[in-house]
Amino acid sequence: MAKNNQSRQGQADSDPAEPKKKSSRSSSGVPWHPVWRWLISLLLILHLTAVFVAPWDLSTDPALPPGYVPPADAQGKPLPLPPRDSTVWQQPVVPRKLREFFRHYLNLAYLNHGYQFFAPDPAGSNLIRYHVYDSGGAEIAAGQFPDLDDQWPRLFYHRHMMLAAQTGDMGEESGRLYARHLMERHGGQSSRVEWVLHRLLSPQQVIDETPLDAESTYVVLAEIRETAGSTANPSVGELPVAIPGAGR
Amino acid sequence: MKRIVADIRSYLAEAWQAWNLFWFSPTDPATLCFLRVLAGAMLFYTHLVWSLDLQAFIGQKGWLPVDFIRGIQGHQWSVWSIFFYIEEPWQLWCVHIFSVLVFLFLMLGLFSRTSAIFGFLLAVSYAHRVSPGAYFGLDKINCMFALYLMLGPCGARYSLDRIWRLRRGDTSPVAPSTSANLAIRLIQLHLCIIYLFSGLAKLLGENWQAGSAVWWAVANYEYQSLSATWLASWPVLVGLATHITVFWELFYCCLVWNRHLRPIVLWIAVVVHLGIAMFMGMITFGLAMLFANLSFLQPATVRRWVDPLADRIALKLTG
């Protein structure tokens, strides 16, 4: 920084024609040929633009025009807003187009994601509770993930936590797949999987000595029953919750 | 008019000079090599842990079968993974053992450049197999390191490659390297982008605005590794921690380049990420972010800290 300021000062005091000489002299300390440097500079700009564009696009949302009046039925009751891909919504055109342009590059280098660590708000955790039964209906396995007693070391536990958390992003199908996997793993004929939200306690609740794992803090969002060969659909209780730490 | 043209030319020449100094000045590869050791260790450990249930997480069927994941990923050709094509468990284990060895070699600095290239390909392969599913921030940072370690002479110091050269009698000093500077600059700028968008995303959160988000993070029972619920009685402390986190993330990309403010910015990183590691059980992620912050250390500082230990190890191995 200081070096740059010095050179700026020096150039300001000198003849306008001089920078060319100064530039070539300063470049002599840089080992690569100017053509290489131009080429690599271009690649650097493209790469950094791509790195910037992925989280930028993922952090933008379409918006309704100011003063937009939502549709209503004959009685004046508000109707659902139009789908987000309809023309009413203003799309963030620049980040969308840039991300589309860089899409394959971002994919190839595993850069096509955001960095929303614990954002926009920290949320409760998701858990998967399961029971596996044999052909006679007797329970042959039960458990949950994540589970500190069962999954060690911590990173292994955390992988299971993400598996449960990202159920919200992947939708109902993932719950069925977990149920099938557990059935196959334990050699069962049917399984029941509960997708559970563990709600957070406020500071006052903790001061009032409510334990963080109080039974009342667990809410079943959906229950999935799977039998070998069947494809029963789950009943989803609430909307998917945010994934703490996962980002988009 | 001539004066304006001359001023613009002067400005452009000066900017080009600054750009060249920033990107293309040769630098001692000590910082990059130190990051290779740390990131290599993290990659090694991260992937070793998959061994505990490899088939279920990475195999063709498992928790989330490859077909399902490919469907969510939109069957794009550029979302690639070697694990999309491996059917047999024995093949899966062969690739996995090879991968773990590659990451071990990268950490130790054995065939460093080759290990770095294979390391990147393999790290992305694992990450795409578990995205979505079991991925989280750690995979993003691991892949970032793997990408940039490929670009520079990451095995020039603190490596078995270096010790091997010494044993053969090659005692020539490690030369400053332009590609080492490029790799470090890219890690630094990538980190700035990460913090900027993490901060911007937090701005949208009501709890981050209200100054209560840190409470909701530490009150999460599943994340908790060391209880910090005593913060319930200290709302001002929670508020300060929340607001400092947001402002620090937002302005990291500007403040870290100032040499007077850099130590403060980096010490806040230490507190934030060690806090995440200790209280929220994300030791690996917290450490990986700290490693990325170490990219701002001067090579001379790294050498002052690491060389004594590295020299002792080299002396033992070379006799």
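Residues numbered from 1 in each chain as written. Chains lettered and ligands numbered in written order. Predicted model: local features only at pLDDT ≥ 70, side-chain atom pairs only at ≥ 80, totals over all residues. Heavy atoms only, no water.

### Here we look at the pairing of strand S3 (residues 190-198) of chain A
Side-chain direction in a regular strand flips from residue to residue, so the side chains alternate between the two faces of the sheet. All names here are of chain A. Burial of S3 is extensive: nine of the nine residues sit out of reach of the surface. Judged by which residues are buried, S3 turns out to be covered on both faces: Ser190, Arg192, Glu194, Val196 and His198 on one side and Ser191, Val193, Trp195 and Leu197 on the other are all buried. Pairing of strand S1 (residues 125-133) with S3 involves nine bridges; the strand directions are antiparallel. Residue Arg129 lies in a different strand from S3, and its bridge partner there is Glu194. (Buried < 20%, exposed > 50% of the residue type's maximum accessible area, 1.4 Å probe, protein only. Helix = DSSP H or I, 4+ residues; strand = E, 2+ residues; numbered from the N terminus. Pairing = 2+ DSSP bridges.)

### Some points on the packing of aromatic side chains
Taken as a whole and judged by the stated rule, the model has 26 aromatic pairs over all chains. With a centroid separation of 5.0 Å and 80° between ring planes, the pair formed by Phe101 of chain A and Phe102 of chain A is classed as edge-to-face. Assessed through its relative accessible area of 63%, Phe101 of chain A is described here as exposed. Grouped by ring-pair contacts, the aromatic residues Trp19, Phe22, Trp23, Tyr195, Trp248, Tyr252, Trp257 and Phe296 of chain B constitute a single cluster. Across the ring face of Tyr218 of chain A, the terminal group of Arg129 of chain A is positioned such that the distance to the ring centre comes to 5.0 Å. (Phe/Tyr/Trp six-rings, centres within 6.5 Å; stacked < 30°, edge-to-face > 60°. Lys NZ or Arg CZ within 6 Å of the ring centre and 35° of its normal.)

### Thoughts on the domain arrangement of chain A
As assigned here, chain A comprises domain 1 (34-108) and domain 2 (125-236). Computed over C-alpha atoms, the centres of domain 1 of chain A and domain 2 of chain A are 35 Å apart. (Domains from an automatic or database assignment.)

### Observations concerning the side chain of Ser112 of chain B
Among the structural elements, Ser112 of chain B can be located in helix H6 (residues 112-129). In this structure Ser112 of chain B touches Arg36, Leu106, Cys154, Gly155, Ser159 and Asp161 of chain B, once residues within four positions along its chain are discounted. (Contact = heavy atoms within 4.5 Å.)

### Examining the interface of chain A and chain B
Taken together, the contact between chain A and chain B spans 88 residues of the former and 90 residues of the latter. Summing both partners gives a buried area of about 8100 Å² for chain A against chain B, and 68% of it is carried by carbon and sulfur. Summed over the three residues of chain A that lose the most area to chain B, namely Tyr110, Phe117 and Arg159 of chain A, the buried surface amounts to 11% of that side. Scanning the region where chain A abuts chain B turns up two salt bridges. Counting the contacts that link chain A with chain B gives 35 residue pairs in polar contact (both at pLDDT 80 or more). Those elements that provide at least two residues to the side of chain A that touches chain B are helix H1 (2-13), helix H2 (19-27), helix H3 (34-58), helix H4 (93-108), S1, helix H5 (154-165), helix H7 (172-186) and helix H8 (203-207) of chain A. A total of 12 residues in the side of chain A that touches chain B trace back to one element, the largest contributor, which is H3 of chain A. Classifying every residue of the side of chain A that touches chain B gives 51 nonpolar, 26 polar and 11 charged. (Buried area = accessible area lost by both parts, 1.4 Å probe. Salt bridge = Lys/Arg side-chain N within 4 Å of Asp/Glu carboxyl O. Polar contact = N/O pair within 3.5 Å; in protein donor to acceptor, adjacent residues only side chain to side chain. Nonpolar A, V, L, I, M, F, W, Y, C, P; charged D, E, K, R; others polar.)

### Observations regarding helix H14 (residues 283-293) of chain B
Summarising burial for H14 of chain B: nine of the 11 residues are buried, a large majority. Burial in H14 of chain B covers these residues: Thr284, Phe285, Gly286, Ala288, Met289, Leu290, Phe291, Ala292 and Asn293 of chain B. The inward-facing, buried residues of H14 of chain B abut H5 of chain A together with helix H2 (30-49), helix H7 (137-149), helix H9 (178-203), helix H12 (235-255) and helix H13 (262-279) of chain B.

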